[in-house]
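Structural characterization, general
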Amino acid sequence: MIFLAERRPFDILNQSLNNPVLIRLKGNVEVRGTLASFDVHMNLVLENADELVDGQIKRKIGTVLLRGDTVVYVSPA
Amino acid sequence: MIFLAERRPFDILNQSLNNPVLIRLKGNVEVRGTLASFDVHMNLVLENADELVDGQIKRKIGTVLLRGDTVVYVSPA
Amino acid sequence: MIFLAERRPFDILNQSLNNPVLIRLKGNVEVRGTLASFDVHMNLVLENADELVDGQIKRKIGTVLLRGDTVVYVSPA
Amino acid sequence: MIFLAERRPFDILNQSLNNPVLIRLKGNVEVRGTLASFDVHMNLVLENADELVDGQIKRKIGTVLLRGDTVVYVSPA
Amino acid sequence: MIFLAERRPFDILNQSLNNPVLIRLKGNVEVRGTLASFDVHMNLVLENADELVDGQIKRKIGTVLLRGDTVVYVSPA
Amino acid sequence: MIFLAERRPFDILNQSLNNPVLIRLKGNVEVRGTLASFDVHMNLVLENADELVDGQIKRKIGTVLLRGDTVVYVSPA
Amino acid sequence: MIFLAERRPFDILNQSLNNPVLIRLKGNVEVRGTLASFDVHMNLVLENADELVDGQIKRKIGTVLLRGDTVVYVSPA
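The structure presented is a predicted model; accordingly, all values stated were derived computationally and were not measured. (Residues numbered from 1 in each chain as written. Chains lettered and ligands numbered in written order. Predicted model: local features only at pLDDT ≥ 70, side-chain atom pairs only at ≥ 80, totals over all residues. Heavy atoms only, no water.)

Remarks on the interface of chain E and chain D
Our working definition: Between two residues, a contact is recorded if the distance between any of their heavy atoms is within 4.5 Å. Two parts lose some accessible area (1.4 Å probe) when they are put together, and adding that loss for both gives the buried area. Any Lys or Arg side-chain nitrogen found within 4 Å of a carboxyl oxygen on Asp or Glu counts as a salt bridge. Pairs of N or O atoms within 3.5 Å make up the polar contacts considered here, provided that, within protein, one atom can donate a hydrogen while the other can accept it, and that residues adjacent in sequence are counted only when both atoms are side-chain atoms. To qualify as a helix, a DSSP run of H or I must reach at least 4 residues; to qualify as a strand, a run of E must reach at least 2; elements of each kind are numbered from the N terminus. As a working rule, the residues Ala, Val, Leu, Ile, Met, Phe, Trp, Tyr, Cys and Pro are called nonpolar, Asp, Glu, Lys and Arg charged, and the rest polar, with Gly in that last group. At least two DSSP bridges between two strands are required for those strands to pair.
The interface of chain E with chain D comprises 25 residues on the first partner and 27 residues on the second. Summed over both partners, the interface of chain E with chain D buries about 2,000 Å², with 60% contributed by carbon and sulfur atoms. One can count four salt bridges joining chain E with chain D. Here Arg 7 of chain E makes a salt bridge to Glu 47 of chain D, at a shortest N to O gap of 3.5 Å. For the pair chain E and chain D, the number of links is twelve residue pairs in polar contact (both at pLDDT 80 or more). Counting residues per element, the ones that place at least two in the side of chain E that touches chain D are α1 (11-16), β1 (20-25) and β5 (71-76) of chain E. If one sorts the elements of the side of chain E that touches chain D by residue count, β5 of chain E sits on top with six residues. Here the side of chain E that touches chain D is composed, by residue class, of 16 nonpolar, three polar and six charged. Direction of pairing for strand β4 (residues 56-66) of chain D relative to β5 of chain E: antiparallel, over a ladder of two bridges.

Thoughts on the relation of the copies chain A and chain B
What counts, and what does not: Here the copies are superposed with least squares, the fitted atoms being C-alpha atoms of residues at a pLDDT of at least 70 in both.
When chain A is fitted to chain B, the best match, at an RMSD of 0.0 Å, comes from turning it 51° and sliding it 0.0 Å along the axis. Interface overlap between copies is the fraction of interface residues in one copy that are interface residues in the other; for chain A against chain B it is only 11%, indicating separate surfaces.

Side note on the relation of the copies chain E and chain D
Take chain E, turn it by 51°, move it 0.0 Å along the axis, and it overlays chain D with an RMSD of 0.0 Å. Interface overlap between copies: only 12% of the residues of chain E at the interface are likewise at the interface in chain D, consistent with a contact formed by different surfaces.

What about the interface of chain A and chain B?
Facing the 27 residues of chain A at the interface are 25 residues of chain B. For the pairing of chain A and chain B, the buried interface totals around 2,100 Å² over both sides, and the portion due to carbon and sulfur atoms is 60%. For the chain A face of the interface with chain B, the top three residues by lost area are Arg 59, Leu 65 and Arg 67 of chain A, together amounting to 31%. There are twelve residue pairs in polar contact (both at pLDDT 80 or more) connecting chain A and chain B. For the side of chain A that touches chain B, the secondary-structure elements that each account for two or more residues are β2 (29-38), β3 (44-53) and β4 (56-66) of chain A.

Thoughts on the pairing of strand β3 (residues 44-53) of chain F
Residue and element names in this part refer to chain F. Stated formally: Burial here depends on accessible area, computed with a 1.4 Å probe over protein chains only, as a share of the maximum for the residue type. Under 20% is buried, over 50% is exposed, and the range in between is partly exposed.
The buried fraction of β3 amounts to seven of the ten residues, a majority that puts the element mostly inside the structure. In this structure, strand β2 (residues 29-38) lies alongside β3, joined through seven bridges in antiparallel fashion. Each residue of the ladder has a partner; that of Val 31, found in β3, is Glu 51. Two successive antiparallel strands, β2 and β3, enclose a turn made up of five residues, where Met 42 displays a positive phi of approximately 70°. Counted between consecutive antiparallel strands, the loop separating β3 from strand β4 (residues 56-66) contains two residues, among which Asp 54 sits at a positive phi close to 55°.

Overview of unusual backbone geometry
Residues and elements named next belong to chain B. Positive phi, normally seen in glycine, also occurs at Asn 28, with a value near 65°. Inspection of the secondary structure puts Asn 28 in the loop between β1 (20-25) and β2 (29-38). Note on Asn 28: relative accessible area 58%, which makes it exposed.

Examining the pattern of salt bridges
A full pass over the atoms with the stated rule returns 63 salt bridges over all chains. Close ionic contact of Arg 59 of chain C with Glu 51 of chain C constitutes a salt bridge, the shortest N to O distance being 3.5 Å. On the basis of relative accessible area, Glu 51 of chain C is assigned to the buried category, the value being 2%. Each of Arg 24 and Glu 30 of chain A together with Glu 51, Lys 58 and Arg 59 of chain G takes part in a single network of salt bridges with overlapping partners.

Quick word on the pairing of strand β1 (residues 20-25) of chain D
Residues and elements named next belong to chain D. Within β1, five of the six residues are buried, which leaves the element mostly enclosed by the surrounding structure. Across six bridges, the pairing between β1 and strand β2 (residues 29-38) is antiparallel. Note that in β2 the partner of Ile 23 across the bridge is Val 31. Counting the residues that bridge the hairpin from β1 to β2 gives three residues, and of these Gly 27 lies at a positive phi of roughly 85°.

What to know about the environment of Asn 19 of chain B
Residue and element names in this part refer to chain B. Positionally, Asn 19 belongs in the loop between α1 (11-16) and β1. Sequence separation between Asn 19 and Val 29 is ten residues; the distance between their C-alpha atoms is 20 Å. What Asn 19 contacts, discounting residues up to four positions off in sequence, is Gly 33, Thr 34 and Leu 35. A polar side-chain atom of Asn 19 sits 3.4 Å from the main-chain carbonyl oxygen of Gln 15.

Overview of the packing of aromatic side chains
What characterises a pair of aromatic rings is the spacing of the ring centres plus the angle enclosed by the ring planes. All names here are of chain C. Put simply, the rule reads: When two rings of Phe, Tyr or Trp (its six-membered ring) have centres within 6.5 Å they constitute a pair, described as stacked for plane angles under 30 degrees, edge-to-face for angles over 60, and tilted for the intermediate range.
Throughout the structure, instances matching the rule amount to seven aromatic pairs over all chains. A centroid spacing of 6.4 Å and a plane angle of 50° characterise the contact between Phe 10 and Phe 38, whose relative ring orientation is tilted. On the criterion of sequence distance, the pair formed by Phe 10 in the segment before α1 (11-16) and Phe 38 in strand β2 (residues 29-38) is long-range, its members being 28 residues apart. The pair Phe 10 / Phe 38 is uniform in exposure class, with both members buried.

Here's what the structure looks like:
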């Protein structure tokens, strides 16, 4: 597939392993934590995670498995 | 697939079997209980489960099968 | 797939055949009745079913086929 | 698949052919009519169908093809 | 598949070719026009089509390709 | 598949290449422009495109790739 | 497939690599940045990205992986 860039979107996930990321989910939920693992469905596990509302910590959720189809974006934090 | 982490997101489910978990579902529903089983679709069975609203128990639902595509996140509690 | 539990989520449906179940559907609808059949898509047939709003019977619907992709959870009642 | 019941959910559709059914669709629409045909996607054709709001006839729609993925439930009426 | 009716839901589309149909789409949009073509995804082309709101013509849209997954129902008009 | 019409819905897209089209997207967004390309997923590229609200130009967006699963309808303008 | 245009929608993504793009996501979110990579699911990575509300920068998010199924449109900026 010659129209694909040599860099791939999932490279960002690989580079972010063990580093802090900010995840935006559908329904206006945000979670920030350390990326521990991911798979091809974009299922993600964060550790030491906090749930955020308007950028403020709403609650600490520790380790969390986020289902890939609820993800809007992932940003290295 | 060399870009995948050695740890996988579903490891968290395996490690959580017979332990308490907090499940957030789409539509602002939360369920807390003991994880009894799961499958590749993220269908989950909890035992001794409570449905929560704003962190308070809304009702006891005992054993419950949660459909995977309604899951937002799963957190060991 | 060694990470899967020996128990499977659909066991709950099998054990609930001919027994009362409470079904929560997307869009805040609940249906209670006797589980008569199910399939791999989580399509369910209930008999002697009632539709509930806030835990109160809204109407009797008798036999009903519920489409699997509208299911949020199934709980033995 | 030994965990499946011998009865199947679609049996209800087969038994309801040429008989009256009540269909609830996503988005709070209900349609009542005589089931003329169906397929594996739960696409349904009703004849002499009425669209209902709050149990009252909103309009007569005669013959209608309902797309399966909009179905919430089907009940023999 | 012995449980399927001999008539099939898509027969209605075939019989409606070159005839007027009323289409209800998700999000409370209705379109009325002459069915010119369809495919297995329920993608539909109407000619001389009008968009309706509350049964009144909102605007004339002439020829239009409707994407199948937005269809709620199709009714010969 | 003998029940399919000889004309196909995507013929409209082919005939509209290099011609003006009006696209309605889910979420009440409309885009008008010249159809430059499309694929089997109904992904579309428009050139000289304008985003419309209530039929008025909200902003000029020039060249734009519209994701197919957000399309409600496509109409030659 | 003779009905496909010779130009393809994803050509726009290829041509936009290393150039600024405006992305509209479902749920009224917009992100502007430099396109660094994409894949066949329309997953996109932007660098030096800003999240916009009503055309104003809401916050700087730097590098970000946008999940393809949340994309409404992509426009070279």
